[in-house]
Amino acid sequence: AEIREVEKSSLTVIGTGYLGAVHAACMAEIGHEVLGVDVDEAKIAALAEGRAPFFEPGFPEVLKRNLENGRLRFTTSLAEAAAFGDVHFVCVGTPQQPGSHAADLRYVDAVVDGLAPHLRPGALVVGKSTVPVGTASRLAERIDAELAWNPEFLREGFAVEDTLRPDRLVVGVTSPSAEQVLRDVYAPMLAAGTPWVSTDPATAELVKVAANSFLATKISFINAMAEICEATGADVTTLAAAIGYDVRIGDKFLRAGVGFGGGCLPKDIRAFRHRAAELGLEESVRFLHEVDAINLRRRDRAVSLARELVGGSFAGRSVAVLGATFKPDSDDIRDSPALAVANAIRAEGARVTVHDPQGIDNARAVHPDLDYSPGAQKACEGAHVVVHLTEWSEYRDLDPVKLAEVVHGRALVDARNALDLAAWRAAGWEVRALGRPRA
Ligand code: NAD
């Protein structure tokens, strides 16, 4: 069904990163008056001028449209936000604490403490950030307003679509009136038939963490099978297709490769383990330790396949790395397997040239020691081995015959199992892939 506009509410969205900026623009898109808030002045200035501070397909259009129609504005003032909003969505980061597996909740705490003294009577504060179970009830004691939790499931690369047409909406509330406020906010999604799960805040917090733990487990499961395939000459891509026909298993998120990364799955499973240990329940999620370990071993495996292809040592070798972001259709490089592999290879003495369609600026800012190239083919010039690490569609379109003319050695590691290996082999390339026979 079509998404139509609603009776408008005055909403604020606090924290305008990958999640919050899209949420703010999409809430305006469905008819609400929205004020986006961030402490990052440059980000707020960009958003207010209609410039997306990150790459997300479809986002610039929604941003511009709603700035122009006047429903969407931005500020750096939390006090202004408190005075404006009836509903406040908290979308700040909850990264992994340095030196620990715990989630860093200082930004969430700062927002709640900053809003508290300025809130309008009857205002509802709604957490969307991913947090350890128990966070909402802890925060509720610090604020004289109702607090709800409404976890977000959007995927980067599909963030606008996922926000406007979510699989489900989950709200953790402590009163029927809070649920009604959220039903009104999301009325167009409800009218379109989106499943609505209303529960307590602890369950809502856990739903998000459980969902990400399951997804991470599914990826590490197939990557564990890839390890077995590598030792036995079996092919994990065929194995995955074959088990995926069983609808109880399903074929989604079952692609063996260099594993998961990004600003969510790795830190979320670690924070979950940490929280479980605090609750004396370490054993309940001990398997997540294995999920993490399997995932990180795939990065080592990609490095060793490349090392083998250059004759056992990277010293003095040139390596082309295709991909910097943790997934295609995003510029997000947080905990990116591609950059972890690139850095590990560089640390062994290779000259590493990285290409990415959208992530180079972000990558360069964090990893200035790597070389960067504006074109995929250019990155491959003179390379002893090409390592494919992020499945951008443009890499599938690379012509192995043309590329063969510019490289130093025709050697390829497909660490995402996304390229047409037969075509590369036919063009004279020696090819290695994760979980697949050497052919
Ligand atoms: P992000 O780092 O892109 O954005 C966080 C923003 O919060 C930044 O712009 C930062 O400047 C701002 N901020 C920090 N402190 C602030 C303060 N006191 N007041 C106002 N703004 C402040 O992070 P993100 O990827 O958008 O993730 C945000 C949360 O959403 C995290 O908990 C994450 O786990 C969760 N989440 C993210 C996604 C995703 O795909 N990115 C999906 C679902 C859930």
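Worth saying up front: this structure is predicted, and the values here are computed from it rather than measured. In every chain, residue numbers begin from 1 and rise along the written sequence. Only residues with pLDDT of at least 70 get local features here, since the model is predicted, and only at 80 or more are side-chain atom pairs given and counted; chain-wide, interface and lining totals rely on the full set of residues.

## Some points on the overall build of the protein
- Put simply, DSSP H or I for four residues or longer makes a helix, DSSP E for two residues or longer makes a strand, and each gets a number counted from the N terminus. What the protein contains, in helices and strands, is 19 helices and 14 strands.
- For 439 residues, the compact-globule formula gives about 22 Å, and the C-alpha radius of gyration of the protein, at 23 Å, lands near that figure.
- Viewed in the frame of its principal axes, the protein has a C-alpha envelope of about 70 × 50 × 45 Å.
- Here a residue counts as buried when 20 or more other C-beta atoms fall within 10 Å of its C-beta, as exposed when 12 or fewer do, and as partly exposed in between; the C-beta atoms come from the backbone. When the 439 residues of the protein are sorted by exposure, 50% land in the buried category. When we talk radius of gyration, it's over C-alpha atoms, and the globule rule is simply 2.2 Å times the number of residues to the 0.38.

## Comments concerning the UniProt feature "binding site: substrate" (unreviewed entry) in the protein
- This chain's UniProt record puts "binding site: substrate" (unreviewed entry) on Phe 153, Leu 154, Arg 155, Glu 156, Lys 208, Phe 253, Leu 254, Arg 255, Ala 256, Gly 257, Gly 261 and Lys 327. Across 175 residues in sequence, these annotated residues place their C-alpha atoms as far as 24.1 Å from one another, rather than forming a single compact spot.
- Looking at the secondary structure, you find Ala 256 in the loop between helix 11 (236-244) and helix 12 (265-278).
- Given 28 C-beta atoms within a 10 Å radius, Ala 256 is considered buried.
- Here Gly 261 lies in the loop between helix 11 and helix 12. UniProt positions are given in the numbering used here, feature names are shortened, and annotations may be inferred rather than shown by experiment.

## A word on the site of the ligand
- Being near a molecule or strand means, for a residue, that its C-beta atom, positioned from the backbone, comes within 6 Å of it. As a structural note, the neighbourhood of the ligand is formed by 26 residues, with Gly 15, Gly 17, Leu 19, Ser 129 and Thr 130 the closest of them.
- When contributions to the shell around the ligand are tallied by element, the ones reaching two or more residues are helix 1 (18-29) and helix 5 (106-115).

## A word on the sheet that holds strand 12 (residues 385-388)
- Pairing within the open sheet is parallel, and its six strands lie in the order 11-10-9-12-13-14. Unpaired on one side and paired on the other, strand 11 (371-373) and strand 14 (430-433) mark the two borders of the sheet. Looking at each pair of strands side by side, their axes are set apart by 20° on average, direction ignored.
- Looking at chain direction, strand 9 (residues 318-322) and strand 12 are connected through four bridges and run parallel. Across the sheet, Leu 322 pairs through a bridge with His 388, a residue of strand 12.
- On the sheet, helix 13 (residues 287-309) packs against strand 9, strand 12, strand 13 (411-414) and strand 14 and is oriented at approximately 170° with respect to strand 13. For two strands to be treated as a pair, DSSP must find at least two bridges joining them. Inter-axis angles, ranging from 0 to 180 degrees, are taken between N-to-C directions of lines fitted to C-alpha atoms, where helices are fitted over the stretch in contact. Contact between two residues is assigned whenever their backbone-derived C-beta positions fall within 7 Å.

## Topic: the nonpolar core
- Working definition: the nonpolar core is a set of buried Ala, Val, Leu, Ile, Met, Phe, Trp, Tyr and Cys residues, joined through C-beta atoms within 7 Å. Membership of the largest hydrophobic core comes to 133 residues, with the highest contact counts inside it found for Ala 306, Val 319 and Val 387.
- Apart from residues no more than four positions distant in its own chain, Val 387 is found in contact with Ala 302, Ala 306, Val 319, Ala 320, Val 321, Leu 322, Val 341, Val 413 and Ala 415.

## Quick look at the UniProt feature "active site" (unreviewed entry) in the protein
- As annotated by UniProt and renumbered to match this structure, "active site" (unreviewed entry) occupies Cys 264.
- With respect to the secondary-structure elements, Cys 264 resides in the loop between helix 11 and helix 12.
- In this structure Cys 264 comes out as buried when scored by C-beta crowding, with 24 C-beta atoms within 10 Å.
- If near-sequence neighbours (up to four positions away) are discounted, Cys 264 is found in contact with Thr 130 and Asn 212.

## Some thoughts on the packing of helix 12 against helix 13
- Following both chains from N to C, one finds helix 12 and helix 13 inclined at 155°, their axes separated by 10 Å at the closest point. Classified by the interaxial angle, the pair formed by helix 12 and helix 13 is roughly antiparallel. The element helix 12 and its partner helix 13 pack so that their crossing is left-handed. Of the residues in helix 13, those touching helix 12 at Ile 269, Arg 270, Phe 272 and Arg 273 are Leu 288, His 289, Val 291 and Asp 292.
- In the contact of helix 12 with helix 13, the residues fall into four nonpolar, one polar and three charged. The cut-offs work like this: below 35 degrees is roughly parallel, past 145 is roughly antiparallel, 65 to 115 is roughly perpendicular, and the gaps in between are oblique. A clockwise turn of the near helix away from the far one marks a right-handed crossing, whereas an anticlockwise turn of less than a right angle marks a left-handed crossing. Ten residue types, Ala, Val, Leu, Ile, Met, Phe, Trp, Tyr, Cys and Pro, are classed as nonpolar, four, Asp, Glu, Lys and Arg, as charged, and the remainder, Gly among them, as polar.

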